[in-house]
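# Breakdown of the fold
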Amino acid sequence: MPGPTEQEIRTRAYELWKDAGEPHGNMDHLWYQAEKELLERKAANGKGPCDINGQRKPAAKH
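Residues numbered from 1 in each chain as written. Predicted model: local features only at pLDDT ≥ 70, side-chain atom pairs only at ≥ 80, totals over all residues. Heavy atoms only, no water.

Counted under the stated rule, the structure contains six salt bridges. The closest approach of N and O atoms between Glu-15 and Arg-12, which form a salt bridge, is 3.1 Å. On the criterion of helical spacing, the pair formed by Glu-15 and Arg-12 is a turn pair, its members being three residues apart in helix H1 (residues 6-19). Of the residues examined, Glu-15 reaches a relative accessible area of 36% and is grouped as partly exposed. (Salt bridge = Lys/Arg side-chain N within 4 Å of Asp/Glu carboxyl O. Helix = DSSP H or I, 4+ residues; strand = E, 2+ residues; numbered from the N terminus. Buried < 20%, exposed > 50% of the residue type's maximum accessible area, 1.4 Å probe, protein only.)

In structure tokens:
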């Protein structure tokens, strides 16, 4: 399962920035927050958790 595209992250980061009242600075924080949210959303809709590169983590061995 591929991770979010740069455009998806950019769009979500912009939404977060608008929701925060268009603050100056902290754009890196908003970018990483957007990326994290999108990865979590894709993992929740997929078959398992994803790492930062969008790769599924191997199932835990019992």
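Judged by nonpolar contacts, Ile-9, Ala-13, Leu-16, Leu-30, Ala-34 and Leu-38 together constitute the single largest core of six residues. Elements that contribute at least two residues to this core include exactly H1 and helix H2 (27-45). (Core = buried A, V, L, I, M, F, W, Y, C linked by side-chain atoms within 4.5 Å.)

Another point: H2. Each full turn of the α-helix corresponds to 3.6 residues, which orients residues three or four apart in the same direction. A rise of 1.5 Å per residue sets the reference length of H2, with its 19 residues, at 27 Å; its end C-alpha atoms lie 27 Å apart and thus fit the reference within 8%. Within the sequence span of H2, burial applies to Leu-30, Ala-34, Glu-35, Leu-38, Leu-39 and Ala-43. (Expected span 1.5 Å × (residues − 1).)

Going through the model one piece at a time under the given rule, you end up with one aromatic pair. An angle of 40° between the planes, with centres 5.7 Å apart, marks the rings of Tyr-14 and Trp-17 as tilted. Within this pair, Tyr-14 and its partner Trp-17 are both found in helix H1, separated by three residues, close to a single helical turn. (Phe/Tyr/Trp six-rings, centres within 6.5 Å; stacked < 30°, edge-to-face > 60°.)

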